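A look at the structure
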Amino acid sequence: MSAGNDLLEIDPLELKFPFELKKQISCSLQLRNKTDDYVAFKVKTTSPKKYCVRPNSGIVPPRSTADVVVTMQAQKEAPPDMQCKDKFLVQSVIVNEGANAKEITPDMFSKESGNVVDEVKLRVAYVAPPRPPSPVHEGSEEGSSPRASLSDNGHLTASEFSFSTNAYSEQKSDGEPENQSSEELALISRLTEEKNSIVQQNNKLRQELETLRREVSKKQSGFPVVLVVVVALLGILLGYIFKK
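These notes cover the structure that comes with them. (Residues numbered from 1 in each chain as written. Predicted model: local features only at pLDDT ≥ 70, side-chain atom pairs only at ≥ 80, totals over all residues. Heavy atoms only, no water.)

For the rest of this paragraph, the subject is the overall build of the protein. On a plain count of helices and strands, the protein comes out with 1 helix and 11 strands. If you list the helices and strands of the protein from N to C, you get β-β-β-β-β-β-β-β-β-β-β-α. Residues counted as buried form 29% of the 244 residues belonging to the protein. Put simply, of all contacts in the protein between residues at least 6 apart along the chain, 74% involve residues at least 24 apart. As presented, the protein carries roughly 17200 Å² of accessible surface, and 54% of it is formed by carbon and sulfur atoms. (Helix = DSSP H or I, 4+ residues; strand = E, 2+ residues; numbered from the N terminus. Buried < 20%, exposed > 50% of the residue type's maximum accessible area, 1.4 Å probe, protein only. Contact = heavy atoms within 4.5 Å. Areas by Shrake-Rupley, 256 points an atom, 1.4 Å probe, with all protein chains shown as cover.)

Judged by which residues are buried, strand S7 (residues 57-60) turns out to be covered on both faces: Ser 57 and Ile 59 on one side and Gly 58 and Val 60 on the other are all buried. Pairing analysis gives 4 bridges linking strand S5 (residues 38-45) to S7, with the strands arranged antiparallel. Its bridge partner lying in S7, Ala 40 is registered against Ile 59. (Pairing = 2+ DSSP bridges.)

Bringing the pattern of salt bridges into the picture now. Tallied over the entire structure, the rule returns 8 salt bridges. The closest approach of N and O atoms between Glu 9 and Lys 34, which form a salt bridge, is 3.6 Å. Note that Glu 9 is positioned in strand S2 (residues 8-11) and Lys 34 in the loop between strand S4 (25-33) and S5, a separation of 25 residues in sequence. By relative accessible area, Lys 34 is classed as partly exposed at 48%. In this structure, a network of salt bridges that share partners links the residues Glu 9, Arg 32 and Lys 34. (Salt bridge = Lys/Arg side-chain N within 4 Å of Asp/Glu carboxyl O.)

In this section: the environment of Asn 115. Its location among the elements puts Asn 115 in the loop between strand S9 (87-95) and strand S10 (118-127). As a C-alpha pair, Asn 115 and Ile 94 span 21 residues in sequence and 9.3 Å in three-dimensional space. When near neighbours in sequence (up to four residues on either side) are disregarded, Asn 115 contacts Asp 107, Met 108, Phe 109 and Ser 110. At a separation of 2.8 Å, a polar atom in the side chain of Asn 115 contacts the main-chain carbonyl oxygen of Asp 107. Within the structure, the side chain of Asn 115 is placed 3.1 Å from the backbone oxygen of Met 108, a separation counted as a polar contact. (Polar contact = N/O pair within 3.5 Å; in protein donor to acceptor, adjacent residues only side chain to side chain.)

What follows is about the pairing of S10. With 8 of 10 residues buried, S10 is to be regarded as a mostly interior element. As paired strands, strand S3 (residues 14-18) and S10 are joined by 5 bridges and run parallel to one another. Within the sheet, the bridge partner assigned to Glu 14 lies in S10 and is Arg 123. Where S9 lies against S10, 6 bridges are found, and the strand directions are antiparallel. Along S10, the bridge assignment pairs Leu 89 with Lys 121.

Enumeration according to the criterion identifies 3 aromatic pairs in this entry. Consider the rings of Phe 17 and Tyr 51, whose centres lie 5.9 Å apart with planes at 40°: the pair is tilted. Here Tyr 51 lies in strand S6 (residues 51-54) and Phe 17 lies in strand S3, a separation of 34 residues in the sequence. Measuring from ring centre to ring centre gives 4.9 Å for Phe 19 and Tyr 126, while their planes differ by 45°; the resulting arrangement is tilted. Of this pair, Phe 19 sits in the loop between S3 and S4 while Tyr 126 sits in strand S10, placing them 107 residues apart in sequence. For Tyr 126, a relative accessible area of 2% puts it in the buried group. (Phe/Tyr/Trp six-rings, centres within 6.5 Å; stacked < 30°, edge-to-face > 60°.)

Here is the structure:
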């Protein structure tokens, strides 16, 4: 279901995340500009450290759409009763024709400055992750009843959104999940290079040790022959002396 105001039509109104512990989960938003004006938007949330929004602001040309991806960081614990109180706010204003995202400033979305700012508030819901296919058809079981979805509560009323928009914080596009992934990849790459270097050194040392063993073996194998020759010469010499 989508929500519309004078500037942007937003779909969906509720961000549904298939909740799983210790796993990043993403959800998409579509912003549709049904006007003949250029519209700037900004996405805010009550939990900026928990979510990464890309892009968190931008320009939607006339009669065009823009996609926004909201990523929830991996959670270590599940919330009580799988209920989420996080909220999102999408603000939009009309800007000059040909404006680009770099020209967007926070003052554009300030009502205190006299700007006409449209706002759409979104809720967040956790849903069960998709199940793998089962060989037994669950609908054939007697007495079975469909499970209620976590989003069956319907839409929020105006009173549920009575809190001030100051509770929302701007969400930076460069969220922590991507930085952490880059650091982990760099660490893995460095450890792999070190491992390959150690393996090469180990192989080289084994080859040198094998060569040294062969040289020592040759020297040891020649030593008894020399000893036999020396003993034989001494025996001949002593025999010659005794004969005299």
